Amino acid sequence: MAAERVQVTNADIADMLNEMANLLEIDGANPFRVRAYRQAALTIATMPRPLADMVEQGENLTDLPGIGESIAAKIEEIVRTGKLDQLEEERSHIPPQLTELLRVPSLGPKRASVLYKELGITSLEQLKQAAQEQRIRQVKGFGPKLEQTILKDIEQAQQYQRRYLWAEAAQIARPLVEYLRANDRVKRVDVAGSYRRGLETVGDLDILAIGTTDTPDPAIGEYFVRYPSVKEVISRGDTRSTAVLASGMQVDLRVMPAESYGAAMIYFTGSKTHNIHLRQIALDKGLKLSEYGLFRGEERVAGATEQEVYRTLGLDYITPELREDRGEIEAAAQGQLPHLVTLEDIRGDLQAHSKASDGVNTIEEIALAARALGYAYVTITDHSRRLRVARGLDPRQVREQMNEIDRLNARLENITILKGAEVDILKDGSLDLPDDLLGDLDIVVCSVHSSFNLSKEQQTERIIRAMDNPHFNILAHPTGRRLGERQPYEVDMERLMLAALERGCYMEINSQPDRLDLNDKHAHMAKTLGLKLAISSDAHRADDLSVLQYGVMQARRGWLEPEDVLNTRDWPELQRLLRR
DNA sequence: GCCGTTTTCGGCCCGACTGTTTTCAGTCG
């Protein structure tokens, strides 16, 4: 067998373009040129389809947003040779390690460049030493305070810059918001930022507050920094304060007047690219958009509510989950925004584990919890025998469980328990339970729990072979990733989705906060291809059925509407969809 | 470097805070 060709990944290309941007910036290049490289890198890093494939098939890269002739040629060079000549060139006259200095907050390209030219500093170590020897304060434009700040910031740069799972961030945000709302001088408090957009991980919290007075009330910022969990105050002004909590989470608080609330919410919710696009539209209409409002000259024409700002820009209201500048602004201009799925649309759960395998509750307890959530059905999907660590069930145990479910269904009202299993896809693509048994289940959920490091080709083939089994219904956590813990295994997602469509199979958005797998881009890809998805809790305890809300958030970020989701259907209709 | 039913050239989002300055540059979001 021929050695597999090593394909340049989108991440590789994005890294090289980002490094170009960093080096050019230190070099004092045109800032818009620098931005163009960053923009292109962002586009590339977040697109699911491998650029290498596009190049191979001779597709036109300049069709991609932010990629023109020049960068397209560079991408082709990278794909073909694995290198970029111009990057080598830049590296030869600017020490590439210098970009390391940009990771230090308070050091940008200008200061990094000055420190290199004046003191010959190229690494964090040298920077630290220079600061300790008080040589930095002697450089023009620097002083003792900045030197101290740099010294402190080096520590931060050397630490792993952690992001929090959305669910973790929520646990930090909620009590803080409650604390702020408890103050009489505060009229309104909301969390904005990536948290509000429902991103799977959150780096910091952006909180917006409105006071009871017309002018910014400094007392609110003072109250904020007295929050008991505040470990360190980074900055404090009348309208803006930044602090780090004991958890390590950074929090930015902005205090705004009520007349600017909507504009400020838009501004602080982001994303950055969404905002830049909105501001461009404002300029085109002879208006100016800032966090204070939408202005024609000095006159504020909108700003109190988000709806008002969008409307004045000629746009339908765009829900935060969509604000990524991935076409939502164009859709809003044409009245074509999707009507996104909500938690209320969900009729039941398609994956949950009982104590029979690695869950903690009985089937009855799970059923009652599902009923309490207003569901019509819940599916018990205990693991199959191969997964020893999860006490996977053998065929006889699955049969016993099916009988138990029959007895429970006869007894319980207003909830239907569906018979399922989470069946291991073995290395050769066969399923871990016999066909006659699978044929008697209501729903067969299949997933990969072993041999994560097969090649992309092998992993894809393995899963497609599993889908060839006529009882295969839903591919669970299709990439196997665990946020912050485990990278996804390699698969050709587009091929998998097309294979699923051909065979009448489906995929899952797993709602566990550290999985959220499929991710938003893959979910959007599924919608585009016409593949319906399940949103499942994968609960291992009855209380965890509620994590399904995170999966809904991810689905919304993927533009999914109720009809794109399997479990917005009642059981009879779902049953028809599952038939192959 | 990208982009365009106003443009193939001349634009490219906007404001707060800090530290270093005597009016502003750099950084950040």
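Structure: above.
(A) View of the overall build of chain A. For chain A, the helix and strand inventory stands at 24 helices and 17 strands. Compactness check: chain A gives a C-alpha radius of gyration of 27 Å against a globular reference of 25 Å for 580 residues, within 12% of the reference. Dimensions of chain A, computed from C-alpha atoms along their principal axes, come out at roughly 80 × 65 × 50 Å. Partitioning the contacts of chain A with sequence separation of at least 6, the portion at a separation of at least 24 is 67%. Just so you have it, chain A exposes about 26,500 Å², and 46% of that area is on carbon and sulfur atoms. Considering chain A, the positive charge centre built from 74 side chains and the negative charge centre built from 90 side chains are found 3 Å apart.

(B) Local environment of the pairing of strand S14 (residues 443-447). Of all 5 residues making up S14, 5 are buried, and the element is well covered by its neighbours. Judged by which residues are buried, S14 turns out to be covered on both faces: Ile443, Val445 and Ser447 on one side and Val444 and Cys446 on the other are all buried. The pairing of strand S13 (residues 416-424) with S14 spans 5 bridges and is parallel. Note on S14: the bridge partner recorded for Val423 is Cys446. In terms of handedness, the path from S13 via helix H19 (residues 435-440) over to S14 forms a crossover that is right-handed. Here 2 bridges tie S14 to strand S15 (residues 474-475), and the two strands are oriented parallel to one another. Each residue of the ladder has a partner; that of Cys446, found in S15, is Leu475. Between the parallel elements S14 and S15, the chain passes through helix H20 (residues 456-468) in a crossover that is right-handed.

(C) Broad picture of the nonpolar core. With 59 residues, the main nonpolar core has Met467, Leu496, Met507 and Leu533 as its most contacted residues. A total of 5 residues in this core trace back to one element, the largest contributor, which is helix H21 (residues 493-503). Counting residues in each nonpolar core, the second largest holds 51 residues, with Val34, Val55, Ala72 and Leu102 among its members.

(D) Quick look at the packing of aromatic side chains. This structure, assessed with the given rule, holds 7 aromatic pairs. Consider the rings of Trp166 and Tyr550, whose centres lie 5.8 Å apart with planes at 55°: the pair is tilted. Of this pair, Trp166 sits in helix H10 (residues 166-181) while Tyr550 sits in helix H23 (residues 548-557), and the two are 384 residues apart along the sequence. For Trp166, a relative accessible area of 10% corresponds to the buried category. Between Tyr179 and Tyr223 the ring centres are 4.2 Å apart and the planes differ by 0°, which places this aromatic pair in the stacked class. Taken together, the residues Tyr179 in helix H10 and Tyr223 in helix H12 (residues 218-225) connect sequence positions 44 residues apart. These aromatic residues form a ring-pair network of at least three members: Trp166, Tyr195 and Tyr550. Taking NZ or CZ as reference, Lys288 lies 5.9 Å from the ring centre of Phe295, over its face.

(E) Region of the structure containing the pattern of salt bridges. Per the stated rule, a full pass over the model turns up 36 salt bridges. Taking the shortest distance from any N to any O, the salt bridge between Lys152 and Glu232 comes out at 3.0 Å. Of the two residues, Lys152 is situated in helix H9 (residues 144-158) and Glu232 in strand S5 (residues 230-236); the sequence distance between them amounts to 80 residues. Judged by relative accessible area, which is 43%, Lys152 ranks as partly exposed. For Glu232, a relative accessible area of 27% translates into the label partly exposed. In this structure, the salt-bridge partner of Glu457 is Arg495, at a minimum N-O distance of 3.7 Å. In this pair, Glu457 sits in helix H20 while Arg495 sits in helix H21, placing the two residues 38 residues apart along the sequence. The exposure class assigned to Arg495 is partly exposed, which follows from its relative accessible area of 30%.

(F) The sheet that holds strand S12 (residues 377-380), seen in detail. An order of S11-S12-S13-S14-S15-S16-S17 is seen for the 7 strands of this open sheet, with the pairing classed as parallel. The sheet is open, and its two edges are formed by strand S11 (348-352) and strand S17 (533-536), each paired on a single side. Where helix H17 (residues 363-372) meets the sheet, its contacts fall on S11, S12 and S13, and the angle it forms with S12 comes to roughly 150°.

(G) Quick look at the side chain of Arg515. With respect to the helices, strands and loops of the structure, Arg515 is situated in the loop between strand S16 (506-510) and helix H22 (520-529). Buried within the structure, Arg515 lacks any salt-bridge partner; Asp538 is the closest side chain of opposite charge, at an N-O distance of 4.1 Å. Ignoring anything within four residues of it in the chain, the contact list for Arg515 reads His477, Gly480, Arg481, Arg482, Leu483, Arg486, Asn510 and Asp538.

(H) Inspection of unusual backbone geometry at higher detail. Across the junction of Gly270 and Ser271, the peptide omega takes the value -5°, indicating a cis bond. Relative to the helices and strands, Ser271 is located in the loop between helix H13 (261-269) and helix H14 (272-284). Residue Leu518 is bonded to the preceding Asp517 through a cis peptide linkage, with omega at 10°. Summarising the element assignment, Leu518 is placed in the loop between S16 and H22. Phi is positive for Ser451, which is not a glycine, with a value near 50°.

(I) Layout of the protein's contact with DNA strand B. Around DNA strand B there are 47 residues in total, and Gly68, Gly108, Gly143, Tyr267 and Arg279 lie nearest to it. Separating a phosphate oxygen of DNA strand B from a backbone N or O atom of Arg111 is a distance of 3.0 Å. Tyr267 places a polar side-chain atom, nitrogen or oxygen, 2.3 Å from a base nitrogen of DNA strand B. Across the surface near DNA strand B, the residue classes tally to 18 nonpolar, 13 polar and 16 charged.

(J) Spatial organisation of the environment of Ala555. Checked against the element boundaries, Ala555 lands in helix H23. Judged by its relative accessible area of 0%, Ala555 is buried. Considering only alpha carbons, one finds Ala555 and Asp12, 543 residues apart in sequence, at a separation of 27 Å.

(K) Looking closely at helix H24 (residues 571-578). What H24 keeps buried is the set Trp571, Leu574 and Leu578. Down the axis of H24, the sector holding all buried residues measures 60°, keeping them to one side. At its buried positions, H24 is contacted by S11, S12, S13, S14 and S16. The N-terminus of H24 is capped by Asp570, whose side-chain oxygen sits 3.2 Å from the backbone nitrogen of Glu573.

(L) Structural view of the state of the cysteines. Going through the model one piece at a time under the given rule, you end up with 0 disulfides. Its sulfur unpaired, Cys505 is 8.1 Å from the next cysteine sulfur, which belongs to Cys446. When its relative accessible area of 1% is taken as the criterion, Cys505 is described as buried.

Definitions and limits used
Residues numbered from 1 in each chain as written. Chains lettered and ligands numbered in written order. Predicted model: local features only at pLDDT ≥ 70, side-chain atom pairs only at ≥ 80, totals over all residues. Heavy atoms only, no water. Helix = DSSP H or I, 4+ residues; strand = E, 2+ residues; numbered from the N terminus. Rg over C-alpha atoms; globule rule 2.2 N^0.38 Å. Contact = heavy atoms within 4.5 Å. Areas by Shrake-Rupley, 256 points an atom, 1.4 Å probe, with all protein chains shown as cover. Lys, Arg positive; Asp, Glu negative; His and termini not counted. Charge placed at Lys NZ, Arg CZ, Asp CG, Glu CD. Buried < 20%, exposed > 50% of the residue type's maximum accessible area, 1.4 Å probe, protein only. Pairing = 2+ DSSP bridges. Right-handed = clockwise from strand over helix to strand, strands pointing away. Core = buried A, V, L, I, M, F, W, Y, C linked by side-chain atoms within 4.5 Å. Phe/Tyr/Trp six-rings, centres within 6.5 Å; stacked < 30°, edge-to-face > 60°. Lys NZ or Arg CZ within 6 Å of the ring centre and 35° of its normal. Salt bridge = Lys/Arg side-chain N within 4 Å of Asp/Glu carboxyl O. Axes fitted to C-alpha atoms, helices over the stretch in contact; angles between N-to-C directions. Near = heavy atom within 4 Å. Polar contact = N/O pair within 3.5 Å; in protein donor to acceptor, adjacent residues only side chain to side chain. Nonpolar A, V, L, I, M, F, W, Y, C, P; charged D, E, K, R; others polar. Arc of directions from axis to C-beta. Disulfide = S-S within 2.5 Å.

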